[in-house]
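What follows is each chain in one-letter form.
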Amino acid sequence: MTDSPSHPLELLQSRLTHVFRNQALLRRSMIHLSYLQDHPEEAESNQRLEFLGDSVLQLVLTQALYELYPGDREGLLSKRRAALSRGKFLSSLAKDIGIAECLLLGAGEEAAGGRTRASALEDALEALIGALFLDSDFPTTRRIVLGLYGPLPVILSSVEDEENPKGRLQELVQPTHGNQALRYEVVKVSGEDHAREFEIAVFLVDRKLGEGRGPSKKVAEEAAAQIALATLRGEGFEES
């Protein structure tokens, strides 16, 4: 650590709202395995902390979801937890809080673009959570982790929209309009046989909510559903 307030590890602690009592733990959470190849004096990489942090993160999310959704069965709770802990989401969160700038990489991994590699970012975030747990306690770690996530219902809505936009649109309109209110119509098909582009519109009863394009009907319908979701939510149309 340096005394500069702009040092990446200090900025990271500022974003976490937690200053580590054991700075060696924080540093170790950022040590990629490749760093040991160039620095044999280092005792270990962040892999053990990652192992711990993965379990801590799962418990944080499990408890939060259990409390947020008292009516949900274990299958749906597990699905929601998986959506919040998948690699793509964690690597994006790691990037947002500045972990990429803190990673300690070997020269080869650095040259190969390891600083932006999703797996390295995800692993470092889990290692950081493990380090937080060892440096403080579970309530502190839970508070910090949930603070990084933000409102879980909002995050889940966004993640679930991305994974299954047609299903989410159906869930949104079904309580008010019933199961048969949505329909998808092909507006246009263009391109050669090997490079088709479909343009599809989605209607709620007789109102067109949006259009989407894609190389298949499925992709175009999903794109249209994404636009329709944004349209309805922009009008304050929310799940009941």
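Everything here concerns the structure above.
Definitions and limits used
Residues numbered from 1 in each chain as written. Predicted model: local features only at pLDDT ≥ 70, side-chain atom pairs only at ≥ 80, totals over all residues. Heavy atoms only, no water. Helix = DSSP H or I, 4+ residues; strand = E, 2+ residues; numbered from the N terminus. Rg over C-alpha atoms; globule rule 2.2 N^0.38 Å. Buried < 20%, exposed > 50% of the residue type's maximum accessible area, 1.4 Å probe, protein only. Contact = heavy atoms within 4.5 Å. Lys, Arg positive; Asp, Glu negative; His and termini not counted. Charge placed at Lys NZ, Arg CZ, Asp CG, Glu CD. Expected span 1.5 Å × (residues − 1). Phe/Tyr/Trp six-rings, centres within 6.5 Å; stacked < 30°, edge-to-face > 60°. Lys NZ or Arg CZ within 6 Å of the ring centre and 35° of its normal. Pairing = 2+ DSSP bridges. Axes fitted to C-alpha atoms, helices over the stretch in contact; angles between N-to-C directions. Core = buried A, V, L, I, M, F, W, Y, C linked by side-chain atoms within 4.5 Å. Left-handed = near helix turned anticlockwise from the far one by under 90°. Nonpolar A, V, L, I, M, F, W, Y, C, P; charged D, E, K, R; others polar.

**Looking at the overall build of the chain**
Summing up its helical and strand segments, the chain has 13 helices and three strands in all. Radius of gyration (C-alpha) of the chain: 22 Å, far over the 18 Å computed for a compact globule of 240 residues. Taken along the three principal axes of its C-alpha coordinates, the chain extends 65 × 50 × 35 Å. Taken across its 240 residues, the chain has 42% of its residues classed as buried. Nonlocal contacts in the chain, meaning residues at least 24 apart in sequence, comprise 54% of its contacts between residues at least 6 apart. The distance from the centre of the 27 positive side-chain charges to the centre of the 37 negative ones in the chain is 4 Å.

**A word on helix α9 (residues 118–135)**
For α9, with 18 residues, the first-to-last C-alpha span of 26 Å sits near the 26 Å given by 1.5 Å per residue. With 13 of 18 residues buried, α9 lies mostly within the body of the structure.

**Looking at the packing of aromatic side chains**
One pass over the full model with this rule turns up one aromatic pair. A cation over a ring is seen here: R80 above Y69, with NZ or CZ 4.0 Å from the ring centre. The ring of F203 has R183 lying over it, and the distance from NZ or CZ to the ring centre is 4.5 Å.

**Points about the environment of V173**
Looking at the secondary structure, you find V173 in helix α12 (residues 165–177). Overall, the relative accessible area of 0% leaves V173 in the buried class. A sequence separation of 106 residues divides V173 from E67, and the C-alpha atoms of the two residues are 26 Å apart.

**Section: the sheet that holds strand β3 (residues 207–214)**
Reading across the sheet, the three strands line up as β1-β2-β3 and stay open at both edges, with antiparallel pairing between neighbours. Every interior strand has two partners, whereas the edge strands, β1 (182–190) and β3, have only one. For this sheet the average axis-to-axis angle between neighbouring strands, irrespective of direction, equals 20 degrees. Sheet topology note: the β1/strand β2 (residues 197–204) ladder contains eight bridges and is antiparallel. Across the sheet, the residue bridging to E185 is A201, located in β2. α12 contacts β1 and β2 of the sheet and is inclined by roughly 140 degrees relative to β1.

**Side note on the nonpolar core**
Counting 44 residues, the largest nonpolar core has L12, I99, L128 and Y149 as its most contacted members. Broken down by element, this core gets its largest block of residues, nine residues, from α9. Not counting chain neighbours up to four residues away, the residues in contact with Y149 comprise L57, L61, L84, S85, F89, L90, L93 and I155. Within the second largest apolar cluster, 13 residues are counted, among which are L172, A181, A224 and A228.

**Notes on the packing of α9 against helix α10 (residues 138–149)**
Their axes nearest at 8 Å, the elements α9 and α10 cross at an angle of 145 degrees. Relative to α10, α9 is oriented so that their crossing is right-handed. In this structure, α9 uses I129, L132 and F133 to contact α10, whose residues at the interface are F138, T141, I144 and V145. Per-class residue counts for the contact of α9 with α10 are six nonpolar, one polar and no charged.

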